[in-house]
Amino acid sequence: MNETFGYSHITSFAYCFYILTCYTLYVFVNLSEGSAKCWPKMLYPVAIIFTNTTYMLQITKACSEITRENNNLSHRIHKLSNQTTKFVMQQETTIDLEMLSHQLMHQKLVFHTHYFFDIDLKLLNLMIGAVTTYLIILMQFGV
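Residues numbered from 1 in each chain as written. Predicted model: local features only at pLDDT ≥ 70, side-chain atom pairs only at ≥ 80, totals over all residues. Heavy atoms only, no water.

**Here's the deal with the overall build of the protein chain**
And step 1. The helix and strand tally for the protein chain stands at four helices and zero strands.
And step 2. Put simply, the protein chain runs from its N terminus to its C terminus through helices and strands in the order α-α-α-α.
And step 3. In the protein chain, once contacts between residues fewer than 6 apart in sequence are set aside, the share between residues at least 24 apart is 74%.
And step 4. About 10100 Å² of surface is accessible on the protein chain, with carbon and sulfur atoms providing 67% of the total. (Helix = DSSP H or I, 4+ residues; strand = E, 2+ residues; numbered from the N terminus. Contact = heavy atoms within 4.5 Å. Areas by Shrake-Rupley, 256 points an atom, 1.4 Å probe, with all protein chains shown as cover.)

See the structure below:
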């Protein structure tokens, strides 16, 4: 799945980064003018910023939740196999549960974009930091 959708994720996150940087700069430049007439022009950029931020938040949160649940699943399976030994259980099923538990524990599930970056909540934090850095640089150069 990572290889199949890797390029589309790179493209969508790059697009969101570009949109967030450009529209946030547009909002700050219009706010710095201080005119009361700029507020109607701000509705569309603010809506686009909100939409892109929500999109990135949903994707990163979903990937983080799936990764966290996968990590917890190995512990749950291991507890289940230990608790069910009290009951009559086939030896083959117990071995299969232990193998699955060890595979989930040692092979971590990570969503990434062709090994370029991992898709998790840290990505959202890094993206906001990069947008802020670019905004500061662009504002200092007076673009």
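**What to know about helix α1 (residues 2–33)**
And step 1. Here α1 is 32 residues long and its end C-alpha atoms lie 45 Å apart, about the 46 Å a rise of 1.5 Å per residue gives.
And step 2. At Ser8, α1 shows its largest kink, close to 30°.
And step 3. Looking at α1, one finds that the buried residues are Asn2, Gly6, Ser12, Phe13, Cys16, Ile19, Leu20, Thr21, Thr24, Leu25, Val27 and Asn30.
And step 4. Just past α1, the residue Gly34 takes up positive phi, approximately 80°. (Expected span 1.5 Å × (residues − 1). Bend = angle between axes of the 7 residues up to and from the residue. Buried < 20%, exposed > 50% of the residue type's maximum accessible area, 1.4 Å probe, protein only.)

**Some points on helix α4 (residues 121–140)**
And step 1. The end-to-end C-alpha separation of α4 is 29 Å, in line with the 28 Å expected for 20 residues at 1.5 Å each.
And step 2. Listed in full, the buried residues belonging to α4 are Leu123, Leu124, Met127, Val131 and Leu135. Down the axis of α4, the sector holding all buried residues measures 110°, keeping them to one side. Of the exposed residues in α4, those oriented more than 90 degrees away from the buried face are Lys122, Asn125, Leu126 and Gln140.
And step 3. Within two residues after α4, Gly142 carries a phi angle of roughly 70°, on the positive side. (Arc of directions from axis to C-beta.)

**What to know about the side chain of Asn52**
And step 1. In this structure, Asn52 sits in helix α2 (residues 39–83).
And step 2. A relative accessible area of 10% places Asn52 in the buried class.
And step 3. Here Asn52 is in contact with Tyr15, Cys16, Ile19 and Leu20, once residues within four sequence places are set aside.

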